[in-house]
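The lines below spell out each chain.
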Amino acid sequence: MRPDALRKLLLASLAPLLLASLAVGLTRRGPRPGATPFDLNLPLAGQDHLGAGFFAGGDPPRSEVPALDPAVLDATSPGGWFQVGVVARFADGEAASAAARVARELLADSAADCARDPELRRQLLDEQSPPPLTPRVGAALARLGVRSTVGLGFAGTPHEAAQAVVELGRLLVVRDLKGDYAGQAPHPLLEVFRALGGEAWTQGDPVRDPELALDLSCAAPDPDAAQALVDACEHYAAFPAGAFLRPPWHPAGVGGEEARARATWAALCEARQQGLRDAGIEGYLYRVATSMDEAEAEEVLRELHAAVQRTVLPRLRACAELPGADRAVVDAAVAAAERSGSRRAFLDPELEVPREVLARVGQLGRDVHAGGGRVELAPGALEGAYSARVQARVVDGRLELGTVRFQRLDRGLLGLVVYLQRAGCRDLRLEVVAPGE
């Protein structure tokens, strides 16, 4: 085999190892002050972004958020085709409140028209039909200078229209609307809010959903409470997205035993990173990548595998002795590492999450989907809407969450605000950042 071809083959096969090396490098900052070796609350590799770029908007958020009624999470979603949300941002809270009044009137008019006309109601509930443009809504849109071929798709009653529009300072959130999935017409509330001087985006619309980011900061009750909230976020982030964990702010919550299992898994991940660092993985990778002889490269890989077994497995086993550790989680992780028959699988940058662990950490409720001859489990569209990529820290006594990217911001944002309020946080400030900002 030609030397350049051999190098390419080795580099391709070692891509997971190179990623693992990068992850090791991210942990060189060391543990947070006061943490003991293998502390269950050690920050995770790659989660502590204390430098520039933590906030999607660059600066700490400044828009104040008044207290939110927790009952907003109790509203029953009609489900089905009513899965579109609209998020709008205005110059200030006064402008947002004025726009909220307009939106509530429009939703109430739509509900009243559909209640009086059975055919409109039939079209609204028919999955094959776009949301009907009702007479009063059409007239109101015309007065606002908005042209639309579809209606609002609101399935509630006129009374429920008031609760359908949620105010968060200068932000508005409207949920549980039906979109035009076939014709792909934009939801009319987008243009309504823009006509009223705001910016607006849909969520749950597969045609035009932007990936919005959230920056948030708040004052926690005390330093211990602030660190507990950071730990909850980091332990959640220790799992890959495919684990389908309930986020801490999910309405169903996270139980005490589930939180203990998550903290144990986070400690295992940190122990594995330390074991890879102790094995001197960068040196082995350099030797493999620069080797021109296939036999030599294979020998280096065997040495690396043996070194990792000597350093990683003892550290994983030691996690069982941590105060409060979930021994079942440790045992499952150790067993999975021991039975790995492939060197490259054992050295993969992400520690395999065994089924026994997933059963203990609190997963989302899942639906069965069949496609391409394969059956898989995945959260329903609304069940998984609270999921997010998140990073958290405490700065000058304030809890900060930066560049949070929810699966659905219209749901995740409300769940997060209520979660923080229930934890005793106050003086919430947030910003929504759109792509390109």
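How each quantity is defined
- Residues numbered from 1 in each chain as written.
- Predicted model: local features only at pLDDT ≥ 70, side-chain atom pairs only at ≥ 80, totals over all residues.
- Heavy atoms only, no water.
- Pairing = 2+ DSSP bridges.
- Helix = DSSP H or I, 4+ residues; strand = E, 2+ residues; numbered from the N terminus.
- Axes fitted to C-alpha atoms, helices over the stretch in contact; angles between N-to-C directions.
- Contact = heavy atoms within 4.5 Å.
- Buried < 20%, exposed > 50% of the residue type's maximum accessible area, 1.4 Å probe, protein only.

### Describing the sheet that holds strand β5 (residues 199-203)
Thought 1: Spatially, the 4 strands line up as an open sheet ordered β3-β4-β2-β5, and their pairing is antiparallel. Two strands in the sheet have a free side with no partner beyond their single neighbour: β3 (165-168) and β5. With strand direction ignored, the average angle separating the axes of adjacent strands in the sheet is 20°.
Thought 2: In the sheet, β3 pairs with strand β4 (residues 171-177) via 4 bridges, with the strands oriented antiparallel. Its bridge partner being in β4, Val166 is matched across the sheet by Val173.
Thought 3: Helix α7 (residues 188-195) contacts β2 (84-89), β4 and β5 of the sheet and is inclined by roughly 165° relative to β5.

### Some remarks on unusual backbone geometry
Of all residues except glycine, most have a negative phi; of all peptide bonds, most are trans.
Thought 1: Even without a glycine there, the phi angle at Asp176 is positive, about 60°.
Thought 2: Along the chain, Asp176 turns up in strand β4.
Thought 3: Even without being a glycine, Asp427 presents a positive backbone phi close to 50°.
Thought 4: Position of Asp427 relative to the elements: it lies in strand β11 (residues 426-433).
Thought 5: Exposure remark for Asp427: the relative accessible area of 32% places this residue in the partly exposed category.

### Remarks on the sheet that holds strand β9 (residues 388-395)
Thought 1: On the basis of which strands lie adjacent, the open sheet formed by 5 strands has the order β1-β11-β6-β10-β9 and antiparallel pairing. The sheet is open, and its two borders are formed by β1 (63-64) and β9, each paired with just one other strand.
Thought 2: Strand direction decides the pairing type here: β9 and strand β10 (residues 398-406), joined by 7 bridges, are antiparallel. For Ala392, the partnering residue across the bridge sits in β10 and is Leu401.

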